[in-house]
Amino acid sequence: MDAPLEKIADLTLAEMGKNLKEAMRMLESSQRRTEEENGKKPVSEDIPGPLQGSGQDMVSILQLVQNLMHGDEDEEPQSTRIQNIGEQGHMALLGHSLGAYISTLDKEKLRKLTTRILSDTTLWLRRIFRYENGCAYFHEEEREGLAKICRLAIHSRYEDFVVDGFDVLYNKKPVIYLSAAARPGLGQYLCNQDIAFLEKLIKDDIEKGRLPLLLVASAGTAAVGHTDKIGRLKELCEQYGIWLHVEGVNLATLALGYVSSSVLAATKCDSMTLTPGPWLGLPAIPAVTLYKHDDPALTLVAGLTSNKPADKLRALPLWLSLQYLGLDGIVERIKHACQLSQRLQESLKKVDHIKILVEDELSSPVVVFRFFQELPGSDPAFKAVPVSNVAPAAIGRERDPCDALNRWLGEQLKQLVPMCGLTVMDLEVDGTCVRFSPLMTAAGLGTRGEDVDQLITCIQSKLPVLTCTLQLREEFRQEVEGTASLLYVDDPTWPGIGVVRYEHANDDNSSLKSDPEGEKIHTGLLKKLNELESDLIFKMGPEYKSMKSCIYIGMASDDVDVSELVETIAVTAREIEENSRVLQNSIY
């Protein structure tokens, strides 16, 4: 990078590039040093203090930033999962510095430059993602684009909105339909994948004097990669004059040579929101909303266009990064992420006790899976099922234990294979699952095929513990319930064999408050259990729904004599209680 910088006539630009390279070198190398100094505590400079009278040089200031970023690594067990900035990331970061510098140009030069940057970036994005004759709005917050599209749709359908404001909406209320697969927090779920049901909703709204305004469809939800029937939804929107907006991770695949028909239909929508930052591993890159509209006055009022140079300069980091990567580099990153998904999906099919929750195995770049124990007489086809097709009743009593075990599995895999960028999530019907979404993480983390292979190996290594623990849970519950003075505690969040509480003579079962006598007994019991020659882990803590002490028995990798374990717990606790009572009597 040094040689090209020497050829730049603008000394400020050359110095800016040099300084950025040096700054990033310092900050990135600090992570390697902190691994060697992991035992050290944060230096005193981390404590806020007064502003020094004399100014400091750039190296000193960067050193402070470095300390603040990596000062106490032992507080961040997942610190290894740091985005791989790389050269393309440096280009994106340079865009933010350049934006500040460019804004100092005279008005005419600034206008020409910002117009060129905006035009180039818009043209490139339209061609990469197959969106013809559209405009682009660049925004920092991902949902900001949809908010502006809502304003545009309102201005387009309500001619008097500019004059009368929200009063005009009172007589004919606008209706926005959201996909049932929309990301959480976006709004109330109004639209169902059943197109006939949606059309009935639209007709009902029209009959009630409402105005169907906007429909937000999904082309790959962040959670499970679900894609709506966008082609059919487009027909419905054209029939009733509804604006169709599409968003989702699968829109990235529009850059590839082969695109599924359901995602390809998104190119005909009225607007779509893209998130090229995570797709391409580019930090601090804005989201982009592409839209089609012929009235520049309305787009200006809606906030989609602006005459301010600062607003146009939002595209600068992306303008630089797209040129750095080139079309081949962009396509390669997206293609690589999709191949990682296919690699994991194909491998998981061969792993016992792992269920893949899929919408479309051939096109979805999101892989969602969970551990499950096959039920007696279950259909082998149960291994790969559409998301949310399994009713809660089909899983029955195993549902809560499997959720806790899947959360444990997910957290273990996140630590063992951080380069895969896994996420543990809870689905309303299917329960706790593990998600692999390389389109959102692979470019930033530098995920390779070998990382996926390592993930499979780690999953297989955890299966004996998971299956053994789940098999012992029911036996443990039955043994505890059949033993006097022991109470089985149903804690759905505990991934181990189970939770048990000893009920001493003075135990008040109706009280949820802490019990000093019971705590003393359980403390002694825990000490005795930890002295046993066993691989089991024992812990003491408050009951799931009260403050009373309990003993938590951990996971098991080998067969455990549960009957003997429960008897040991009961006998030991009883001896501790009796010895305590004898001691008290001798004192008095």
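Residues numbered from 1 in each chain as written. Predicted model: local features only at pLDDT ≥ 70, side-chain atom pairs only at ≥ 80, totals over all residues. Heavy atoms only, no water.

Going by what an unreviewed UniProt entry lists, the chain is known as Pyridoxal-dependent decarboxylase domain-containing protein 1 and is assigned to Cricetulus griseus. The record held by UniProt for the chain lists under Cofactor (unreviewed entry) the comment "pyridoxal 5'-phosphate". (UniProt positions renumbered as here; feature names shortened; annotations may be inferred.)

Q: How would you explain the state of the cysteines if you had to name every residue and give the values?
A: All chains considered together, the criterion is met by zero disulfides. Just so you know, Cys-420 is unpaired, no disulfide at all, and the nearest cysteine sulfur is the one on Cys-458, 8.8 Å from it. (Disulfide = S-S within 2.5 Å.)

Q: Please provide a residue-by-residue account of the sheet that holds strand β15 (residues 549-553), values included.
A: With respect to topology, four strands assemble into an open sheet ordered β12-β13-β15-β14, the strand pairing being antiparallel. Taken across any chain shown, the strands that pair with only one partner, and hence form the sheet edges, are β12 (486-489) and β14 (538-542). Strand-to-strand twist in this sheet, taken as the mean axis angle between neighbours without regard to direction, amounts to 35°. (Pairing = 2+ DSSP bridges. Helix = DSSP H or I, 4+ residues; strand = E, 2+ residues; numbered from the N terminus. Axes fitted to C-alpha atoms, helices over the stretch in contact; angles between N-to-C directions.)

Q: Give a detailed account of the nonpolar core, specifying residues and quantitative values.
A: For soluble globular proteins, the rule of thumb is that nonpolar side chains tend to be buried together. Judged by nonpolar contacts, the single largest core of 68 residues is most densely connected at Phe-129, Leu-215, Val-246, Leu-251, Met-272 and Ile-334. In terms of residue count, helix α15 (residues 316-348) provides more of this core than any other element does, ten residues in total. If you count residues domain by domain, this core takes at least three from each of domain 1 (93-331) and domain 2 (336-373 + 400-466). The residues touching Leu-251, leaving out its near neighbours within four places in the chain, are Phe-129, Ala-219, Val-246, Val-263, Ala-266, Met-272, Thr-273, Leu-274 and Trp-279. Leu-422, Leu-455, Leu-463 and Leu-466 belong to the second-largest nonpolar core, a separate cluster that totals 29 residues. (Core = buried A, V, L, I, M, F, W, Y, C linked by side-chain atoms within 4.5 Å. Buried < 20%, exposed > 50% of the residue type's maximum accessible area, 1.4 Å probe, protein only. Domains from an automatic or database assignment. Contact = heavy atoms within 4.5 Å.)

Q: If you had to explain helix α5 (residues 107-128) to someone new, which residues and values would you point to?
A: Between its first and last C-alpha atoms α5 spans 31 Å; for 22 residues at 1.5 Å apiece the expected length is 32 Å, and the two agree. Of the residues making up α5, those classed as buried are Leu-110, Thr-114, Ile-117, Asp-120, Thr-121, Thr-122, Leu-125 and Ile-128. Positive phi shows up at Arg-130, right after α5, with a value of about 60°. (Expected span 1.5 Å × (residues − 1).)

Q: Could you give an account of the pairing of strand β6 (residues 287-291), naming the residues involved and the relevant values?
A: Most of β6 is tucked away: five of the five residues are buried. Note: strand β1 (residues 135-139) against β6, five bridges, orientation antiparallel. The partner of Ala-136 across the bridge, within β6, is Leu-290. In this structure, strand β5 (residues 271-274) lies alongside β6, joined through four bridges in antiparallel fashion. Considered in β6, the bridge of Ser-271 is made with Tyr-291.

Q: Requested: an account of the environment of Arg-370, with residues and values cited.
A: Summarising the element assignment, Arg-370 is placed in strand β8 (residues 367-371). Between the C-alpha atoms of Arg-370 and Gly-431, which are 61 residues apart in sequence, the distance is 8.7 Å. Reaching out from Arg-370, the side chain makes a polar contact with the side chain of Asp-403 at a distance of 3.2 Å. One polar contact links the side chain of Arg-370 to the main-chain carbonyl oxygen of Asp-430, over a distance of 3.1 Å. (Polar contact = N/O pair within 3.5 Å; in protein donor to acceptor, adjacent residues only side chain to side chain.)

Q: Tell me about the side chain of Thr-273, residues and numbers included.
A: Residue position: Thr-273 is located in strand β5. Of note is the side chain of Thr-273, whose polar atom sits 3.0 Å from the side chain of Thr-289. Apart from the residues within four sequence positions on either side, Thr-273 is in contact with His-139, Glu-142, His-245, Val-246, Glu-247, Gly-248, Leu-251, Val-288 and Thr-289.

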